[in-house]
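Single-letter residue listing:
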Amino acid sequence: MFSLLKKVQSDFFRLNNSILKQSVCWASKKAGTTSRNKRKNTPGKARGWKKYEGDYVEPGMILFRQLGLKVYPGENVGCGKDLTLFALRPGRVMISQETLSPYPHSPLYPAVQAGRIFKKYFFHVLPIDPPTGTFKLVSKI
């Protein structure tokens, strides 16, 4: 009788222990959808032409925002770390299309040596010189 009672208790304990284990084991993965792909309505980056041919610019004004080097900096134009072109001196903007002549360590150099011609846009800022002569009133009439 005692051994039968002990066997029933051990079976009951085993059964309860497995039920406890099942109730404590939680899901390791989140149910439902995840929020990984919720970046669909991001604002635009406003890349492109900011100043055009003949516009007056001050130092630091942005001329062209780009992803990759589509337009090259020319005279009095700087290039930022994100390849944004900006004015270095005050003056008028001039845009030209020129033949590219890359440095020897450039990846375009072998193609140019083989005879390929690259035409690229360049931004220039032509400085406006202050007037050389100044008017001085000598006497009133």
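Sequence order sets the numbering: in each chain, residues are counted from 1 along the sequence as written. Given that this is a predicted model, residues contribute local features only at a pLDDT of at least 70 and side-chain atom pairs are listed and counted only at 80 or more, while totals for whole chains, interfaces and linings are drawn from all residues. Only heavy atoms go into the side-chain values, all of them from the structure, while hydrogens and water stay out.

Another point: the pattern of salt bridges. We define a salt bridge as a side-chain nitrogen of Lys or Arg found within 4 Å of a carboxyl oxygen belonging to Asp or Glu. Scanning all chains against the criterion turns up one salt bridge. With a shortest N-O distance of 3.7 Å, R65 and D82 are connected by a salt bridge. With R65 in strand β3 (residues 62-65) and D82 in the loop between β5 (77-79) and β6 (85-87), this residue pair connects regions lying 17 residues apart in the sequence. Any residue under 20% of the maximum accessible area for its type is buried, any over 50% is exposed, and the rest in between are partly exposed; the area is computed with a 1.4 Å probe on protein chains only. Of the residues examined, R65 reaches a relative accessible area of 30% and is grouped as partly exposed. A relative accessible area of 43% places D82 in the partly exposed class. Elements are defined by DSSP. Helices are runs of H or I of four residues or more, strands are runs of E of two residues or more, and each kind is numbered from the N terminus.

Next up on the list: the sheet that holds strand β7 (residues 91-99). Whether two strands pair comes down to DSSP finding at least two bridges between them. Here we have four strands laid out as an open sheet, ordered β2-β7-β8-β4, and mixed in their pairing. Of all the strands in the sheet, the pair left with one neighbour each is β2 (56-57) and β4 (71-73). Relative to strand β8 (residues 119-127), β4 is paired through three bridges, and the arrangement is parallel. By the bridge assignment, V71 is partnered in β8 with Y121.

Here we come to the nonpolar core. Counting eleven residues, the largest nonpolar core is built from V57, L63, F64, V71, V77, L85, A87, V93, I95, F123 and V125. Those elements that provide at least two residues to this core are β3, β6, β7 and β8. In this structure V93 touches K51, Y52, E53, G54, D55, V57, L63, F123 and H124, once residues within four positions along its chain are discounted. In plain words, nonpolar cores are sets of buried Ala, Val, Leu, Ile, Met, Phe, Trp, Tyr and Cys residues tied together by side-chain atoms within 4.5 Å. Whether two residues are in contact is decided by their heavy atoms: any pair within 4.5 Å suffices.

Looking now at the environment of K70. If you trace the backbone, K70 turns up in the loop between β3 and β4. Counting along the chain gives 50 residues from K70 to K120, while the straight-line C-alpha distance between them is 7.7 Å.

Note that T84 resides in the loop between β5 and β6. Among the residues examined, T84 registers a relative accessible area of 7% and is labelled buried. Along the chain, T84 and Y72 lie twelve residues apart, while their C-alpha atoms are 9.7 Å from each other. Ignoring any residue separated from it by four or fewer positions in sequence, one finds T84 in contact with I62, F64, R65, G78 and C79. What qualifies as a polar contact is a pair of N or O atoms within 3.5 Å, subject to a donor-acceptor requirement within protein and to the restriction that residues adjacent in sequence count only when both atoms come from side chains. Polar contacts involving the side chain of T84 include one to the side chain of R65, which spans 3.5 Å.

Pairing of aromatic rings covers Phe, Tyr and Trp, the last counted by its six-membered ring, and requires centre-to-centre distances within 6.5 Å; plane angles under 30 degrees mean stacked, over 60 mean edge-to-face, and any other angle means tilted. Counted by the stated rule, this structure contains six aromatic pairs. When the centroid spacing of 5.1 Å and the interplanar angle of 75° are considered together, the rings of W49 and F64 count as edge-to-face. Taken as a pair, W49 in strand β1 (residues 48-49) and F64 in strand β3 lie far apart in primary sequence, 15 residues in all. On the accessibility criterion, W49 (35% relative accessible area) is partly exposed. When the ring of W49 is compared with that of Y121, the centres are 6.4 Å apart and the planes differ by 80°; the resulting orientation is edge-to-face.

Another aspect to go through is the pairing of β8. Summarising the sheet, β7 and β8 pair through nine bridges and their orientation is antiparallel. Within β8, the position partnered with S96 by the bridge is F122.

The next point concerns unusual backbone geometry. Of note, A46 is a non-glycine position whose phi angle comes to about 55°, a positive value. Assignment of secondary structure puts A46 in the loop between α1 (2-24) and β1. If you check the backbone angles, N76 has positive phi at about 60° while not being a glycine. Tracing the backbone through its elements, the reader meets N76 in the loop between β4 and β5.

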